[in-house]
Amino acid sequence: MRKTGTGHIKVIAFDADDTLWDCQSHFVAVEQEYCRLLAPYGDEQQVASELFKTETANMPELGYGSKAFTLSLVENAVKMSQGKIDAHSLLRIQMLGRSLLNIPSTPLPGVRDTLTHIKALGKYKMVVFTKGEILDQENKLLRSGLWDFFDRTEVVADKTPRQYRQLCDTFGINIGQLLMVGNSFKSDIEPVLQLGGYAVHIPFHLTWQHEYTEEYDHDNLWRISQFDQLTEIIR
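Keep in mind that what you see is a predicted model, and the values were worked out from it rather than measured. (Residues numbered from 1 in each chain as written. Predicted model: local features only at pLDDT ≥ 70, side-chain atom pairs only at ≥ 80, totals over all residues. Heavy atoms only, no water.)

1. Some words on the overall build of the protein chain
Using the following cut-off: Numbering of helices and strands runs from the N terminus, with a helix taken as a DSSP run of H or I at least four residues long and a strand as a DSSP run of E at least two residues long. Only protein chains enter the area calculation, which uses a 1.4 Å probe; residues under 20% of their type maximum are buried, those over 50% are exposed, and those in between are partly exposed. By definition, residues are in contact when any of their heavy atoms lie within 4.5 Å. For the accessible areas, the method is Shrake-Rupley and the probe is 1.4 Å, while residue cover comes only from the protein chains on display. Residues scored as charged are limited to Lys and Arg (positive) and Asp and Glu (negative), so that His and the chain ends carry no count. Every charge is mapped to an atom, namely NZ of Lys, CZ of Arg, CG of Asp or CD of Glu.
On a plain count of helices and strands, the protein chain comes out with nine helices and six strands. Along the longest, intermediate and shortest principal axes, the C-alpha atoms of the protein chain span 60 × 35 × 30 Å. Split into buried and exposed, the 235 residues of the protein chain put 49% on the buried side. Across the protein chain, contacts joining residues at least 24 apart in sequence account for 71% of those joining residues at least 6 apart. Total accessible area on the protein chain is roughly 11600 Å²; 50% of this is exposed by carbon and sulfur atoms. For the protein chain, the centre of its 24 positive side-chain charges and the centre of its 31 negative side-chain charges are spaced 4 Å apart.

What follows is the structure, given as structure tokens:
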């Protein structure tokens, strides 16, 4: 944990999925059921591997989120079965994917109290900065009951350095005045550090395969194990 203060920070951006609430475990549960449905066409490892290849190939056009995932579920099922899968099974797969649009979005331990503490300081603009499909992400935020903590919600197709620069432009700050809080080193942490910003990494116990990357230490990086430790950094 860095020892310098955060007095220069003006905007704190928070990732949503697996930072503010659990998301990945619901995707894992859907994928496990999907593998059972496709058992006639491959074992669990084969189905999961082919599904990830399909997701990855679709990302440039479909992006991220439950809807993109559902389309990949259906496409992969047709490919793996060589078109033999029946309509009833395809409907079950579609409904499996659609169930992800209604996950509980219950705030993770410490999230509400920590956001309350930061908000009460009155020193920072607070924004949800997440990738995915805008309606899905906004609905999750509403279900979480956390909407009123934030000054703005930004849903982007991907978290690239350009998107982080645009976020700073939106608030009229430079990158050195941004603190990003998230669970994904690849999406939430590394782009900000590369630009010269600050980041707090809160790993989640599950990580989507697409988010795996090599991690490293950095002078502008804090690592914490639970959300409420954020108050030790932001005083």
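Right, picking up where we left off after that structure.
2. Points about the sheet that holds strand β3 (residues 152-156)
Let me state the cut-off plainly: By definition, two strands form a pair when at least two bridges between them are found by DSSP. Here, axes are lines fitted to C-alpha atoms. For helices the fit covers the stretch in contact, and angles between N-to-C directions go from 0 to 180 degrees.
Here we have six strands laid out as an open sheet, ordered β3-β2-β1-β4-β5-β6, and parallel in their pairing. Among the strands making up the open sheet, the edge pair consists of β3 and β6 (221-223). The sheet shows a mean angle of 20° between the axes of neighbouring strands, direction not considered. Here four bridges tie strand β1 (residues 11-14) to strand β4 (residues 178-182), and the two strands are oriented parallel to one another. Each bridged residue has a counterpart across the sheet, and for Val-11 the counterpart in β4 is Leu-178. The strands that helix α7 (residues 161-171) touches are β1, β2 (125-131), β3 and β4; relative to β2, the one it contacts most, it runs at about 155°.

3. A look at the packing of aromatic side chains
Under the convention used in this document: For this analysis, a ring pair means two rings from Phe, Tyr or Trp (six-membered ring only for Trp) whose centres lie within 6.5 Å, classed as stacked if their planes differ by under 30 degrees, edge-to-face if by over 60, and tilted for the remaining angles.
Going through the model one piece at a time under the given rule, you end up with six aromatic pairs. Ring centres of Phe-129 and Tyr-164 lie 4.9 Å apart, and the angle between their planes is 55°; this geometry places the pair in the tilted category. Placement of the pair is Phe-129 in strand β2 and Tyr-164 in helix α7, with a sequence separation of 35 residues. Accessibility classification places Phe-129 together with Tyr-164 in one group, the buried group. Considering the side-chain rings of Phe-185 and Tyr-216, the 5.0 Å spacing of their centres and the 80° angle between planes classify their relative orientation as edge-to-face. With Phe-185 in helix α8 (residues 185-195) and Tyr-216 in the loop between β5 (198-201) and β6, the pair connects residues that are 31 residues apart, well separated along the chain. Overall, Phe-185 belongs to the buried group, its relative accessible area being 2%.

4. Examining the pattern of salt bridges
Defined as follows: Put simply, a salt bridge is a Lys or Arg side-chain nitrogen that is within 4 Å of an Asp or Glu carboxyl oxygen.
A complete count under the given rule lists 13 salt bridges for this structure. The partner of Glu-50 in a salt bridge is Lys-53, and the shortest N-O contact between them spans 3.3 Å. With Glu-50 and Lys-53 both in helix α2 (residues 44-62) and three residues apart, this pair spans about one turn of that helix. For Glu-215, the salt bridge identified is with Arg-223, shortest N-O distance 3.2 Å. When its relative accessible area of 42% is taken as the criterion, Glu-215 is described as partly exposed. Look at Arg-223 and you get partly exposed, because its relative accessible area is 32%. One continuous salt-bridge network, built from bridges that share partners, spans Asp-15, Lys-159 and Asp-188.

These figures come from the coordinates and say nothing about function on their own.
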